[in-house]
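# A structural walkthrough
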Amino acid sequence: MQSKQSSFSHSLVRRFASLNSPQSTINFSDLPHSPIITFSQENPKPYILKKCIALLLSCASSTCKLRQIHAFSIRHGVPLNNPDMGKHLIFTLVSLSGPMSYAHKVFDHISSPNVFTWNTVIRGYAESENPRPAVDVHKEMILYCVEPDTHTYPFLLKAIAKLLAVREGEKVHSIVLRNGYEGLVFVQNALVHLYAACGHAESAHKLFELMTDRNLVTWNSVINGFALNGRPNEALTLYREMGLEGVEPDGFTLVSLLTACAEIGGLALGRRAHVYMMKVGLSENLHAANALLDLYAKCGNIREAQKVFDEMEEKTIVSWTSLIGGLAVNGFGKEALELFKESERQGLVPSEITFVGVLYACSHCGMVKEGFAYFERMKEEFGLVPKIEHHGCMVDLLGRAGLVKQAYEYIKNMPLKSNAVVWRTLLGACTIHGHLKLGEVARSQLLQLDPKHCGDYVLLSNLYASERRWSDVHKLRKTMLKEGVKKVPGHSLVELGNCVYEFVMGDRSHSQSEDIYAMLAEITKLLRLEGYVPHTSNVLADIEEEEKETALSYHSEKIAIAFMLIKTPPESPIRVVKNLRVCADCHLAIKLISKVFKREIVVRDRSRFHHFRDGSCSCMDYW
């Protein structure tokens, strides 16, 4: 131990000697000079210790200055194992977000650190990029029979939430209950945040419901939990409840709210949130502004997204990436690539996520050559190692362009092991372009990787049906029944007033169903006058042609559009969110509806936006 302490102290003193220059901003002149003291002296002069702690509190504005003070304390006889000096050193280091390796070295030398010091080390790791040691420090704390206090668990649970280690969190939750800390609001908030961050939104909500004392942090945690876990309606309901209880939202609340609005295409509510942001001065909050930009892009209002971007005083790579991705999914691939070039001119270094947006833009605009060029630049020029998402984009790029065999060869030669998403992308391309043999190869891989995914059965069933192999279709559907795999039904969402309405195929549940179906009949009649002929090949079932035409008329997006034509003023835009890929017949029909009814119709399907106007679509019929 003696040699370990000496080594650490000598390295600090050498650092102090190199830093203690006339330009130093720390004034040590009022302390008497003394030689380096050996570690045999356990009790430094009280004046020296107090002065060193005072210097830490008043002058340690950076890790560099803290090191000077630490070295100075050693020169003047403060031993490394002094608990008071160690406590203040670690606390200041953590407050400065300094290196935890340094903090831990100081901690290791302290004799009998108190609970405050243990908590500070746990907090430091919880707030660092590597929170894992916080769990180990807590275990060591228990081993040394140091009783945790009210501050231990919020820091520890924060670390576990960052690790997404829900099982570890459940163990700590049990300890919290056993030690009687479950009634403390800070501990409760940390538990709600833990379960929300780990994707257990229901557990987070149960804890939230049991809490008698809720603050803004509590509301933010549970709302964010639902927003990030695909439960936007619950997030919006809680936001309304929060308002009714008189709790004022902050920037974190608005980020969660805007995320939920973006998920369901709630543009009107998002706009009200935008007005509120401007009213209370949150429009300059960078995270909220980025969420607002993302909302407008995901609701198909790319002009508003660009306006938010242009008005941002501070733009990060997240802002640029959000707009690049937004332009790409809205069918403005060339504009997305121009914006990427502009970000380069501004000196910004693109991230891995930026390149996902760039490759997506190339994929959805059929720019195969450009896509491969950007892929190479990503590796060679920016030194980024492509992840599975980037390789998936390349498979999608080839598949959408009809180069299905090349896409298959690309998968075989990938440096990473292909996952279910990559094979599903190939299966989707095979379905669109009619490559049955390769489709069956992709399906065989998917049976090993993700055998219960309903979408794979549907894609292969559609591929068999397009080849009129009805016996194979029936076999596949029997297998689905046997395995308990249920098809996700298609639905379309539209927003009107303060409500979001959902429609499914053949839906007659709405109170105005009679009017909606009368409008559908009127739409079909007017479209036929424009030369519309239903794409009955999209009805992949062994039924008569007339039945196929009827089935096409009742697709959920057509019902949703008919409803909006009845309920909204003439020439006002219509926005639809669909959970599945829009079929070729609906695509053709909506193009003609936009022309006949003089409406801009924006449809967000499973993978992109379609902006229909005057009989044409922004995707240029490539989707």
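Residues numbered from 1 in each chain as written. Predicted model: local features only at pLDDT ≥ 70, side-chain atom pairs only at ≥ 80, totals over all residues. Heavy atoms only, no water.

## Description of the packing of aromatic side chains
One pass over the structure, following the stated rule, counts 14 aromatic pairs. Judged by centre distance (5.0 Å) and plane angle (55 degrees), the rings of tyrosine 501 and phenylalanine 563 are tilted. On the criterion of sequence distance, the pair formed by tyrosine 501 in strand β2 (residues 499–504) and phenylalanine 563 in helix α30 (residues 556–567) is long-range, its members being 62 residues apart. Overall, phenylalanine 563 belongs to the buried group, its relative accessible area being 1%. Residues tyrosine 517 and tyrosine 554 carry aromatic rings whose centres are separated by 5.1 Å and whose planes lie at 70 degrees to one another, so their mutual orientation is edge-to-face. Note that tyrosine 517 is positioned in helix α28 (residues 513–529) and tyrosine 554 in the loop between α29 (545–553) and α30, a separation of 37 residues in sequence. (Phe/Tyr/Trp six-rings, centres within 6.5 Å; stacked < 30°, edge-to-face > 60°. Helix = DSSP H or I, 4+ residues; strand = E, 2+ residues; numbered from the N terminus. Buried < 20%, exposed > 50% of the residue type's maximum accessible area, 1.4 Å probe, protein only.)

## Focus on the environment of serine 418
Mapped onto the elements of the fold, serine 418 is located in the loop between α23 (404–412) and α24 (420–433). It is 9.7 Å that separates the C-alpha atoms of serine 418 and leucine 449, two residues lying 31 residues apart in sequence. Each residue touching serine 418, except ones within four places of it in the same chain, is listed here: Ile388, Ile411, Trp423 and Leu449. A distance of 2.8 Å separates a polar atom in the side chain of serine 418 from a polar atom in the side chain of tryptophan 423. (Contact = heavy atoms within 4.5 Å. Polar contact = N/O pair within 3.5 Å; in protein donor to acceptor, adjacent residues only side chain to side chain.)

## Section: the pattern of salt bridges
A full pass over the atoms with the stated rule returns 22 salt bridges. Ionic pairing is found between glutamate 234 and arginine 231, a salt bridge with its closest N-O pair at 2.8 Å. For arginine 231, a relative accessible area of 25% translates into the label partly exposed. Across the pair lysine 412 and glutamate 409 runs a salt bridge, and its minimum N-O distance is 3.3 Å. Highlighted residues: lysine 412 and glutamate 409, both in helix α23, separated by 3 residues, approximately one helical turn. Classification of glutamate 409 by relative accessible area gives partly exposed; the value is 37%. Several salt bridges converge on common partners, so that one network encompasses Arg123, Glu127 and Lys158. (Salt bridge = Lys/Arg side-chain N within 4 Å of Asp/Glu carboxyl O.)

## Here we look at the sheet that holds strand β3 (residues 574–578)
Note on sheets: strands pair through backbone hydrogen bonds, and any given pair is parallel or antiparallel. Pairing within the open sheet is mixed, and its 6 strands lie in the order β2-β1-β3-β4-β5-β6. Only two strands of the sheet have a single partner each, and these edge strands are β2 and β6 (616–617). One ladder, built from 6 bridges, connects strand β1 (residues 491–496) with β2; its direction is antiparallel. Residue serine 492 lies in a different strand from β2, and its bridge partner there is phenylalanine 503. Its contacts with the sheet put α30 on β1, β2, β3 and β4 (601–604), and the angle it makes with β1 is roughly 15 degrees. (Pairing = 2+ DSSP bridges. Axes fitted to C-alpha atoms, helices over the stretch in contact; angles between N-to-C directions.)

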